[in-house]
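# Structure assessment
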Amino acid sequence: MSLPFIDLKSQYAALKTSIDARIQRVLDHGQYIMGPEVKELEQALATYTGAKHCITVASGTEALLIALMALDFKPGDEVITTPFTFAATAEVIVLLGGVPVFVDIEPDTCNIDASLIEAAITPRTRAIMPVGLYGQVADMDEINAVAARHGLAVIEDAAQSFGASYKSRKSCNLSTFGCTSFFPSKPLGCYGDGGAIFTNDDAMAQASREIRVHGQSQRYTHTRLGVGGRMDTLQCAIVLGKLERFDWEVAQRLAIGERYQQLLAELPASLNIQRLVVRDDRDCVWAQFTLSVDHREQVQQRLQEAGIPTAIHYPKPLHQQPFYQRYGQGQSLPHSERAARRVMSLPMSADLAPAQQDSVIQALIAATRVSA
Ligand SMILES: *Cc1c(COP(=O)(O)O)cnc(C)c1O
């Protein structure tokens, strides 16, 4: 048996007729840049999240960059964020001459610890950038409250949490900006690069739209500094196709994640496998189904031999990365460091069958027994 880590083939097989027809329609009308599917997708995603504005962009990274530019972010400005994330979160801050300020995570959810944020605020702080890691949104109410007290913006990095709910609201509609990614392996993916910015603020939406097309307020009137940050029509058409069964996929992800959690809860404590905690007032769309184990390398090796692919998100926190450690100043962020040593992600897709899940768990039991 060999299981895919993320099963995009079954998804395409289920949606082939619609996706192929949508691609063909773009080829027929030929408006490859800013064609009608771009607006159609933006309207569909705004409706889905409940946010007033959706602006599609070239990638999740570009979404974060454009959101910061819309805030008129200046060199030397600081952004408080988590070190336990993909590098893109901090990268955009540095690209604009800013400084990422890392605060530690909660050990049970692996999301930024909102109670540590206030102590990290300085006169240079402009924004807080929480990440909904693995598909579970961070403590957004607490983070928004700290931001409001200090006049800061909040940019939710929702690259992994699109589709997740928090207190009956959707990820991407929880703060000044929500930014997501349509990288193929994310909960809502395209067949290349893509992303989107969400906001309820008319001025921020207008600024983001202009920055996306080289800062133009109208053709060849460059009102501000911008980037070439559009998402192509073909990729928008593909996401429109994927939206047709996205509600079903989210329900599947929640159910499959819950089933994994239950199967893990039944394992002997001696295996020392730790589950992620999902808070009662929110859910997790499991962009990655992640847990923590001892002797991770041996466990991964054993699983690989049994045909079960695994991955690590992420093996080193940003404050210990060769480039980003200059911003950590030898900081010790023990929960991030421990998580980076122990986390491991299992195969996860909306099409993962119960029998496949059972074999993953059986292989995990065998692998952890041998390694203990
Ligand atoms: C994937 C990801 C990004 C970047 O998205 P791209 O579309 O690949 O640019 C940013 N932040 C997090 C947390 C991600 O997982």
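About the criteria used
Residues numbered from 1 in each chain as written. Predicted model: local features only at pLDDT ≥ 70, side-chain atom pairs only at ≥ 80, totals over all residues. Heavy atoms only, no water. Domains from an automatic or database assignment. Contact = heavy atoms within 4.5 Å. Buried area = accessible area lost by both parts, 1.4 Å probe. Salt bridge = Lys/Arg side-chain N within 4 Å of Asp/Glu carboxyl O. Polar contact = N/O pair within 3.5 Å; in protein donor to acceptor, adjacent residues only side chain to side chain. Nonpolar A, V, L, I, M, F, W, Y, C, P; charged D, E, K, R; others polar. Axes fitted to C-alpha atoms, helices over the stretch in contact; angles between N-to-C directions. Helix = DSSP H or I, 4+ residues; strand = E, 2+ residues; numbered from the N terminus. Parallel < 35°, antiparallel > 145°, perpendicular 65-115°, else oblique. Left-handed = near helix turned anticlockwise from the far one by under 90°. Near = heavy atom within 4 Å. Expected span 1.5 Å × (residues − 1). Buried < 20%, exposed > 50% of the residue type's maximum accessible area, 1.4 Å probe, protein only. Arc of directions from axis to C-beta. Pairing = 2+ DSSP bridges.

## Structural notes on the domain arrangement of the chain
The extent of an interface is frequently quoted as the accessible surface area lost upon association of the parts. Parsing the chain into structural domains produces domain 1 (8-103 + 110-243) and domain 2 (246-371). A C-alpha centroid distance of 25 Å is found between domain 1 and domain 2. Contacts between the two partners involve 37 residues from domain 1 and, on the opposite side, 33 residues from domain 2. For the domain 1 and domain 2 pair, buried surface summed over both sides reaches about 3,000 Å², with 60% attributable to carbon and sulfur atoms. Summed over the shared surface of domain 1 and domain 2, the result is two salt bridges. Between R282 and D139 there is a salt bridge whose closest N-O contact spans 2.8 Å. Put simply, domain 1 and domain 2 have 18 residue pairs in polar contact (both at pLDDT 80 or more) between them. Partitioning the side of domain 1 that touches domain 2 into residue classes produces 22 nonpolar, eleven polar and four charged.

## Some points on the packing of helix α3 (residues 60-70) against helix α4 (residues 88-95)
Look at α3 against α4: their axes get within 9 Å of each other, and the N-to-C directions meet at 40°. With respect to α4, the element α3 is oriented oblique. The two elements α3 and α4 cross, and the hand of that crossing is right-handed. Within the contact between the two elements, α3 uses T61, L64, L65 and L68 and α4 uses A88, T89, E91, V92, I93 and L95. Its residues assigned to classes, the contact of α3 with α4 comprises seven nonpolar, two polar and one charged.

## Things to note about the site of the ligand
Near the ligand there are 16 residues, and of these G60, T61, D157, S181 and K186 occur at the shortest range. Between the ligand and T61, the relevant distance is 2.5 Å, taken from an oxygen atom to a side-chain nitrogen or oxygen of the residue. At 2.8 Å from a nitrogen atom of the ligand is found a side-chain nitrogen or oxygen belonging to D157. Looking at the shell around the ligand, the elements with two or more residues in it are α3 and α4. Looking at the shell around the ligand residue by residue, the class counts come to six nonpolar, eight polar and two charged.

## Concerning helix α8 (residues 246-265)
The end-to-end C-alpha distance of α8 is 28 Å, a good match for the 28 Å that 20 residues give at a rise of 1.5 Å each. Buried residues of α8: F246, E249, V250, R253, I256, G257, Y260, Q261, L263 and L264, and no others. Along the axis of α8, the buried positions cluster into a sector of 165°, meaning they face one direction only.

## Regarding the sheet that holds strand β14 (residues 343-346)
The strand order across the open sheet formed by three strands is β12-β13-β14, and the pairing between neighbours is antiparallel. What marks the edges here is a single partner per strand, and that holds for β12 (274-275) and β14. Pairing of β12 with strand β13 (residues 289-292), which is carried by two bridges, proceeds in the antiparallel orientation. By the bridge assignment for β13, Q274 is matched with S292. In this fold α8 packs onto β12, β13 and β14, with an angle of close to 20° to the strand it touches most, β13. Docked against the sheet, helix α11 (residues 334-342) engages β12, β13 and β14, running at close to 45° with respect to β14.

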